[in-house]
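If you want the building blocks of each chain, they are given just below.
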Amino acid sequence: MEDHVYQQCINADCRADYAVDDVLFACRRCGSLLDVVYDWDKVNVPGSLAFFEQRWGTAGRDLVGRADYSGVWRFRELLPFARLEDIVTVGEGRTTLQQADRLGLDLNMKPGSLFLQYEGFNPSGSFKDNGMAAGFTMARRLGRRRVACASTGNTSASMAMFASMAAPAGEPSVQGIVFVGSGKIAFGKLSQTLDHGALTLQIDGDFDACMRRVLEMSDKLGIYLLNSLNPFRLEGQKTIMYRVLEGLDWQVPDWIIAPGGNLGNSSAFGKAFLELHHLGLVDRVPRLAIINASGANTLYDMVNERGLCWNAGRVDHDAIADHYRRMDETGQRARTVASAIEIGRPVNLTKALRALDVMDGVVRQIDDETILDHKAMVGRYGYSCEPASAASVAGLHLLLDEGVISKSERVVCVLTGHSLKDPDATVKYHTGIDVKAAKWPDPVPPTGKRSNHPVEVADDLAAICKAIGELAPEEAQGPRN
Ligand code: F0G
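These figures come from a predicted structure and were not determined experimentally.

Colleague: For this particular structure, what's the right way to read the side chain of Glu275?
Modeller: With respect to the helices, strands and loops of the structure, Glu275 is situated in helix H9 (residues 264-278). Ignoring any residue separated from it by four or fewer positions in sequence, one finds Glu275 in contact with Val36, Tyr38, Trp40, Leu78, Lys238 and Tyr242.

Colleague: I would appreciate a short explanation of the pattern of salt bridges in the present structure.
Modeller: Pairing between side chains of opposite charge can happen when the charged atoms of each approach one another. Here the structure, examined in full by the defined rule, presents 31 salt bridges. Residue Arg306 is joined to Asp301 by a salt bridge in which the shortest nitrogen-to-oxygen separation is 3.6 Å.

Colleague: Would you take a moment to explain the pairing of strand E11 (residues 287-293) for this structure?
Modeller: Sheet faces and side chains relate simply in a regular strand, where the side chains alternate between the two faces. Within E11, six of the seven residues are buried, leaving the element largely enclosed by the surrounding structure. Note that strand E10 (residues 255-259) and E11 share five bridges and pair parallel. By the bridge assignment, Trp255 is partnered in E11 with Arg287. For the crossover from E10 across H9 to E11, the handedness is right-handed. Inspection of the sheet shows E11 paired to strand E12 (residues 362-366) by five bridges, in the parallel sense. Note on E12: the bridge partner recorded for Asn292 is Gln365.

Colleague: Would you explain the packing of aromatic side chains in this entry?
Modeller: The geometry of an aromatic ring pair is captured by two quantities: the separation of the ring centres and the angle between the planes. Within the structure shown, the criterion is met by nine aromatic pairs. Judged by centre distance (6.0 Å) and plane angle (55°), the ring pair of Phe25 and Tyr224 falls under tilted. With a gap of 199 residues between them, Phe25 in the loop between strand E2 (17-19) and strand E3 (34-38) and Tyr224 in strand E9 (residues 224-225) connect regions that are remote in the sequence. Take Phe25 and Tyr224: they sit in the same class, and that class is buried. Measuring from ring centre to ring centre gives 5.5 Å for Phe136 and Phe162, while their planes differ by 25°; the resulting arrangement is stacked. Of this pair, Phe136 sits in helix H3 (residues 128-142) while Phe162 is found in helix H4 (residues 154-166), placing the two residues 26 residues apart along the sequence. By relative accessible area, Phe136 is classed as buried at 2%. Residue classification places Phe162 among the buried residues on the basis of a relative accessible area of 0%. Positioned above the aromatic ring of Tyr69 is the side chain of Arg94, whose terminal nitrogen or guanidinium carbon lies 3.7 Å from the ring centre.

Reading the values: the criteria
- Residues numbered from 1 in each chain as written.
- Predicted model: local features only at pLDDT ≥ 70, side-chain atom pairs only at ≥ 80, totals over all residues.
- Heavy atoms only, no water.
- Helix = DSSP H or I, 4+ residues; strand = E, 2+ residues; numbered from the N terminus.
- Contact = heavy atoms within 4.5 Å.
- Salt bridge = Lys/Arg side-chain N within 4 Å of Asp/Glu carboxyl O.
- Buried < 20%, exposed > 50% of the residue type's maximum accessible area, 1.4 Å probe, protein only.
- Pairing = 2+ DSSP bridges.
- Right-handed = clockwise from strand over helix to strand, strands pointing away.
- Phe/Tyr/Trp six-rings, centres within 6.5 Å; stacked < 30°, edge-to-face > 60°.
- Lys NZ or Arg CZ within 6 Å of the ring centre and 35° of its normal.

Encoded structure:
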């Protein structure tokens, strides 16, 4: 076992340890989620966060220069699982905190109170690139050349982009395999995934069905899973919070507000602050608000209606299982215009409960109409985001109205994805034209030399494995033609 980093089960009654190179996505003993854990005494951590400023703006072409240019890897001492020689970067995470006074004024906030962490500026247009940089670094370390994810669109766009760039020229390419629900992902995201050459399997089901299948398939075929169940991905997403602090001259804000889907981001934020506090690099921790869409409100329901909590690492798993059983029995499915967060069974639920505990958090739900109104509000002041991202600003509005957040507190809303990811939602909101409902001519089979047509496949493991075996064999050398 490498002596400063290992994986550990988050269940306080188990805490099984695993080596850093062990490929697993749940504890073998109890099935709980895993953390990447460091023995910080053996890591050379800078004494102050201001240390990281010296790297901002550098762009050398060697390994160190490329790592310094990345908004993830310039904080590498705080995610020290990565060996420099394994680092994969596409220039992700060069996002900055934006002071949004005019938007804040519209919400009756004092100038200097509202900030937006605009992750839509990432190379693939969403925050996922932070996590993929870390996930692909691990895949490289492990020598994996086939990677997979289930997605509501942004994970797949980011994974497909990284897969197409991860291997240096002369090395075999990395094959991305993507599971999406038929008709469930916005076209902007689907178009990225196809262009970057991922094998795109469209399953007749929703995100939760895709997640179940990708887990089975990756286990059966030994393909490296890059959903946020992979704890290394969350290491990359911690850096969003480092950049927030940097944008505030290393002062801690009062609130962080983020949309909640699969709950990877909020889990990563909780871990980031837990570690920074442990290391004495911050003197306090901000509060966290996680915002669900009302149509995909498992966390809201479990926390606010059923009182589920972290309980010092002893989460009531029976209550969660009960909830999912009831959802199945009543045919309850996630449904929201914010397709990115249309998720009924968030895989990081228990880690998000820890984040809520560490950051004295709250959970709220917002209906679709209010999400879209706030998306237009964000756009009106010069920032652009997709519907799921606007849930954070709508959540802020609600928490201001409730008096939970006061108008002079310092608040950071995370804008998770760019508005061009889902132009259909924007066009429909402003014009009433429903692009998805419009009558399309019968599709003509694609004839482009590099057309990468999605493959419709039954929601069936054997059919999926067969499709992958035929279309993405082990030694795949690049995108299909
Ligand atoms: N915002 C956007 C734009 C997203 O794409 C997602 C998740 C979230 C918020 C929620 O983040 O899962 O960390 O709670 N998208 C995933 C995907 C699920 O497949 O692209 P989370």
